[in-house]
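Below, each chain spelled out in residue letters.
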Protein chains: 2
Amino acid sequence: MGVTASAPAKVILFGEHFVVYGEPAIVLAIDKRVYAKAEKRVDKILHLNSANLALEATIENGVFTTEKGNPKEAKLRFEPVKTAVAKVLAKHGAAVGIDLEISSEVPVGAGLGSSAAVIASTTAAVSTLLNVNISREDIFRITFEAEKIVHGTPSGVDPAIATFGGTLLFQMDTGFRPLDIKSEISLVIGNTGVERSTRVQVEKVRAVKEKYPQVVEPMLRSAREIVLRAVEALKKDDLETVGELMNINHSLLRGVGVSDDSLEWLINAATKAGALGAKLTGAGGGGCMIALSRKDKLEQVTEAIQRAGGNPFIARKTDEGVRIEQS
Amino acid sequence: MGVTASAPAKVILFGEHFVVYGEPAIVLAIDKRVYAKAEKRVDKILHLNSANLALEATIENGVFTTEKGNPKEAKLRFEPVKTAVAKVLAKHGAAVGIDLEISSEVPVGAGLGSSAAVIASTTAAVSTLLNVNISREDIFRITFEAEKIVHGTPSGVDPAIATFGGTLLFQMDTGFRPLDIKSEISLVIGNTGVERSTRVQVEKVRAVKEKYPQVVEPMLRSAREIVLRAVEALKKDDLETVGELMNINHSLLRGVGVSDDSLEWLINAATKAGALGAKLTGAGGGGCMIALSRKDKLEQVTEAIQRAGGNPFIARKTDEGVRIEQS
């Protein structure tokens, strides 16, 4: 039998990169989810299997063994999952063997928060399986702690979105706060398929800012105003304004050097096909772009992104955070 | 026989549109010229012929007659030329019939200053033909006055570049001042072939600025800093920095809504082909883009723009203003 839990992926709607310099960002849970299925084993082994990553590993008495795929990658991907399971087992009070099957509806490592969603869904599945009483806040904390292992000092946005769903306003010094956005938001997410490193992209912006401080600092102020204006527009369901602000936000991101031609092709294609607005989302330099679109244009925009060489899928804002699917 | 004079076309290297709000701009004379050949006639008729525009007209006793092409367009194009010739004839003191042949090495009406170059070269050709003693400053003034007829209140940048050549720093409230730029600048100019109206584009920026003042005002400050930094870089022959600043400048122009997909395709293609920097030049929304390129990449960049559907040509900075070619 076992227990299946799920948690949503996320997109950054506004403010990536500028957030590093204290400006606000808007982050959105989307209706594409990561699923974790947990089953008890007769032994004490933790067995981890990720279909999307084609990785498999076992952990027995603290010894990590890669059963399938690149050992270094397996360790990197599974380490936070192992940590989360260990925290639940500590609450349970006894060692139990567990089979864990992970699958994701979004591309992994593309800035869509799949990593946090894996941990949140795993934590929920394992705690339910073992009848460990655990709150949403506990899931958030465990996910946050486990994410730190791989991401150093993450902002906590991905764990928060994966756990609570919805829309968050995030700022480095004040943390995140939920935004009450009633409007439906339909996005086409286009994956360029180009791998990028968040660290390299963040460094790129730092270098531009250091070389041209007087040029870049006003752009940060502009980015802040975009977010404030976007919050207003989202609350009023004024999607046209949201789209226009996405276009300006993308231009600023392009200005600090984090767009690339793979993203530009997809963004131009989406804009030409009638998207209300389009921008890169996340680190840039490849990865994903998002296009905001009215319902009657979703198909056109999706096709245009596909024709331009991207891998598109439609995603909608969801208020559903981590949840039990089956137990 | 007759006299042939020529004057250079121009590109805006930095600062278009933001100049409307008082920020500085850098304008460059290029080695593509407009030629005016003036010959005396036995009658008192002024006969005007533009090969590029396929327009021909005569003016006899103040009566304008279109001989070839659209009468409205002929009137619009030839009105300032007529005014300039009249000013030279007034200095000459007697009515003389003149045949005037105009040809241009740059596309007309694409924001490359061909209109001012036509007037400056005409003024020089006709005054030399009639032995009217005329200074460079006179040519500038006549060109400026004649430009006002069609362009309302032009900035005076185009007449200044057509007359004096070189590089100018322009600002609305202080006018233009020559920049002493020693470095060679090689550009690939890509014509999208998409017609645009400067007025419509200027209005577009005004609308964005009115809707999002707090977002756009910092972008104006950023644009100003770009120009100041670019002047430094040009003086130091630091073309890499000039290119980077062009990219940021284009991003800001894209942000205020004056780029379009015809420009974006060409700019992306040029960037991918190894240009140091690329941006729209002039009004945007079609018209022309420019790519700064090292000599060894000029051909590649040109080909890339061509393949992306543009009409490219190579142009270099010139210090040569209006001049007599043959007399």
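Quick caveat, the model's predicted, so the values are computed rather than measured. (Residues numbered from 1 in each chain as written. Chains lettered and ligands numbered in written order. Predicted model: local features only at pLDDT ≥ 70, side-chain atom pairs only at ≥ 80, totals over all residues. Heavy atoms only, no water.)

Novice: Got a minute to help me understand the overall build of chain A in this structure?
Specialist: Counting its regular elements, chain A contains nine helices and 13 strands. For the C-alpha atoms alone, the extent of chain A along its principal axes is close to 60 × 45 × 40 Å. A separation of at least 24 residues holds for 72% of the contacts in chain A among residues at least 6 apart in sequence. A total of about 13100 Å² of accessible surface is found on chain A, and carbon and sulfur atoms cover 48% of it. Taking the average location of the 40 positive side-chain charges in chain A and that of its 40 negative ones, the two points are 2 Å from each other. (Helix = DSSP H or I, 4+ residues; strand = E, 2+ residues; numbered from the N terminus. Contact = heavy atoms within 4.5 Å. Areas by Shrake-Rupley, 256 points an atom, 1.4 Å probe, with all protein chains shown as cover. Lys, Arg positive; Asp, Glu negative; His and termini not counted. Charge placed at Lys NZ, Arg CZ, Asp CG, Glu CD.)

Novice: Please explain unusual backbone geometry as it appears in this structure.
Specialist: Most peptide bonds take the trans form, and the phi angle of most residues other than glycine is negative. All names here are of chain B. Of note, the phi angle at H17 is positive, near 70°, even though the residue is not glycine. Of note, A54 is a non-glycine position whose phi angle comes to about 55°, a positive value. Mapping A54 onto the fold places it in the loop between β3 (46-50) and β4 (55-60).

Novice: What exactly am I supposed to notice about the interface of chain B and chain A here?
Specialist: Where the parts come together, the accessible area they lose is often given as the size of the interface. On the side of chain A, 29 residues touch chain B, which itself brings 29 residues to the contact. Of the roughly 2700 Å² buried between chain B and chain A on both sides combined, carbon and sulfur atoms contribute 58%. The largest contributions to the chain B side of the interface with chain A come from Y212, R254 and W265 of chain B, which together make up 22% of the buried area. At the surface where chain B touches chain A, the tally comes to four salt bridges. As a salt-bridge pair, K272 of chain B and D261 of chain A come within 3.4 Å of each other at their nearest N and O atoms. Linking chain B with chain A are 18 residue pairs in polar contact (both at pLDDT 80 or more), by the criterion used here. (Buried area = accessible area lost by both parts, 1.4 Å probe. Salt bridge = Lys/Arg side-chain N within 4 Å of Asp/Glu carboxyl O. Polar contact = N/O pair within 3.5 Å; in protein donor to acceptor, adjacent residues only side chain to side chain.)

Novice: In this structure, what is going on with the relation of the copies chain B and chain A? I would like to understand it.
Specialist: Between the two copies of the chain lies a relationship made up of a rotation around an axis and a movement along it. Taken as rigid bodies, chain B and chain A are interconverted by a rotation of 180° and an axial shift of 0.0 Å, the fit giving an RMSD of 0.0 Å. The superposition of one copy onto the other is thereby described by a two-fold rotation axis. A shared interface surface links the copies, since 100% of the contact residues of chain B are contact residues in chain A too. (Least-squares fit on C-alpha atoms with pLDDT ≥ 70 in both.)

Novice: Please clarify how the packing of helix α7 (residues 239-255) of chain A against helix α7 (residues 239-255) of chain B should be interpreted in this entry.
Specialist: A pair of packed helices can be characterised by two numbers: the angle between their axes and the separation between those axes. Where α7 of chain A contacts α7 of chain B, the axes come no closer than 8 Å and their chain directions differ by 180°. On the basis of their axis angle, the class for α7 of chain A and α7 of chain B is roughly antiparallel. Contacts from N247, I248, H250, S251, L252, R254 and G255 of chain A of α7 of chain A reach α7 of chain B at N247, I248, H250, S251, L252, R254 and G255 of chain B. Among the residues forming the contact of α7 of chain A with α7 of chain B, the class breakdown is four nonpolar, eight polar and two charged. (Axes fitted to C-alpha atoms, helices over the stretch in contact; angles between N-to-C directions. Parallel < 35°, antiparallel > 145°, perpendicular 65-115°, else oblique. Nonpolar A, V, L, I, M, F, W, Y, C, P; charged D, E, K, R; others polar.)

Novice: So what exactly am I meant to see when it comes to the nonpolar core here?
Specialist: Soluble globular proteins tend to bury their nonpolar side chains together. Within the largest apolar cluster, 124 residues are counted, with the highest numbers of intra-cluster contacts made by F14 and I26 of chain A together with F14 and I26 of chain B. Residues in contact with F14 of chain A, not counting those within four places in the same chain, are A25, I26, I226, V227, A230, V242, L245, M246, N249 and K279 of chain A. (Core = buried A, V, L, I, M, F, W, Y, C linked by side-chain atoms within 4.5 Å. Buried < 20%, exposed > 50% of the residue type's maximum accessible area, 1.4 Å probe, protein only.)

Novice: Teacher, can you tell me more about the domain arrangement of chain A here?
Specialist: All names here are of chain A. With domains assigned, chain A is organised as domain 1 (3-180) and domain 2 (186-316). In this assembly, 28 residues from domain 1 lie in contact with 37 residues from domain 2. Carbon and sulfur atoms make up 71% of the surface buried where domain 1 meets domain 2, a total of about 2800 Å² over both sides. One can count two salt bridges joining domain 1 with domain 2. The tally of links between domain 1 and domain 2 comes to eight residue pairs in polar contact (both at pLDDT 80 or more). Within the residue set of the side of domain 1 that touches domain 2, elements represented by two or more residues are β1 (3-14) and β2 (25-40). (Domains from an automatic or database assignment.)

Novice: Before we go on, may I ask you to explain the sheet that holds strand β11 (residues 288-292) of chain A in this structure?
Specialist: Paired through their backbone hydrogen bonds, the strands of a sheet run either parallel or antiparallel. Residue and element names in this part refer to chain A. Strand order in the open sheet formed by four strands is β10-β11-β9-β12, with antiparallel pairing between adjacent strands. Single-partner strands in this sheet number two, and they are β10 (277-281) and β12 (311-316). Adjacent strand axes in the sheet meet at a mean angle of 25° when their direction is disregarded. Direction of pairing for β10 relative to β11: antiparallel, over a ladder of five bridges. Considered in β11, the bridge of G277 is made with L292. Where α7 meets the sheet, it contacts β10 and β11, and its direction lies at approximately 45° from that of β10. Its contacts with the sheet put helix α9 (residues 298-307) on β9 (186-191), β11 and β12, and the angle it makes with β9 is roughly 10°. (Pairing = 2+ DSSP bridges.)

Novice: Could you clarify how one ought to interpret the side chain of T163 of chain A in this entry?
Specialist: Residue and element names in this part refer to chain A. Mapped onto the fold, T163 is located in helix α4 (residues 157-164). Among the residues examined, T163 registers a relative accessible area of 0% and is labelled buried. Beyond its immediate sequence surroundings of up to four residues, T163 is in contact with A120, R136, I139, F140, T143, G321 and V322.

Novice: Explanation requested: α7 of chain A in the structure shown.
Specialist: Along an α-helix, a turn takes 3.6 residues, which lines up residues three or four apart on a common side. All names here are of chain A. Between its terminal C-alpha atoms α7 stretches 24 Å, which fits the 24 Å expected from 17 residues at 1.5 Å a residue. Taken across its 17 residues, α7 has 14 buried, putting it largely inside the fold. G257 occupies a position one or two residues after α7 and carries a positive phi of about 90°. (Expected span 1.5 Å × (residues − 1).)

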